[in-house]
Amino acid sequence: MAAEESNQLTRVFSISGSGLQAQDQRMKVIAENIANAGTQPSAPGQQPYRRQIVTFKDEFDRALGASRVKVSGVITDRSDFVKKFDPTNPAADNNGYILTPNVNPLTETMDMMEAQHAYQANLNMIDAARGMVLNTINLLNQ
């Protein structure tokens, strides 16, 4: 296999691999959001769980000569908490309301599906590149 083809395959594996890692991190954060969607504070004045969001950045790899995706961080969603009337809850304020997490399970489910599709697309690219390498080896061995 020529050096240029080898370099191209390295790029494909590296770029798709970075996409896999980024989407894996995203799915973990989404799973944490879903797990905490129903939690409540245990005492008045306590804050409930805040939704987390993964942010990405484009990072140029000079050695590779290509851009890769990286997780730039996990930020806190500063949207308002949801107020729920529950005067029997020990965390209720003087008016009987508690604050619940700013997590919408439907939004999280859709985000999870999108992350899974992106993960699968990156995996398909790796499989296609691997298949091309195997076909090339088979052709050379004939």
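Refer to the structure above for everything that follows.
Residues numbered from 1 in each chain as written. Predicted model: local features only at pLDDT ≥ 70, side-chain atom pairs only at ≥ 80, totals over all residues. Heavy atoms only, no water.

Caption draft 1: Inspection of the overall build of the chain at higher detail. If you tally the helices and strands in the chain, you get 2 helices and 4 strands. Listing each helix as α and each strand as β along the chain from the N terminus yields α-β-β-β-β-α. Since a compact globule built from 142 residues should have a radius of gyration of about 14 Å, the 23 Å found for the chain marks it as more spread out than a globular shape. Across its three principal axes, the chain shows a C-alpha extent of roughly 80 × 30 × 15 Å. Considering the chain as a whole, with its 142 residues, one finds that 30% of them fall into the buried category. By sequence separation, contacts in the chain at least 24 residues apart represent 61% of the contacts at least 6 residues apart. When the accessible surface of the chain is split by element, carbon and sulfur atoms take 54% of a total near 9000 Å². Across the chain, 13 positive and 15 negative side-chain charges occur, with their mean positions spaced 3 Å apart. (Helix = DSSP H or I, 4+ residues; strand = E, 2+ residues; numbered from the N terminus. Rg over C-alpha atoms; globule rule 2.2 N^0.38 Å. Buried < 20%, exposed > 50% of the residue type's maximum accessible area, 1.4 Å probe, protein only. Contact = heavy atoms within 4.5 Å. Areas by Shrake-Rupley, 256 points an atom, 1.4 Å probe, with all protein chains shown as cover. Lys, Arg positive; Asp, Glu negative; His and termini not counted. Charge placed at Lys NZ, Arg CZ, Asp CG, Glu CD.)

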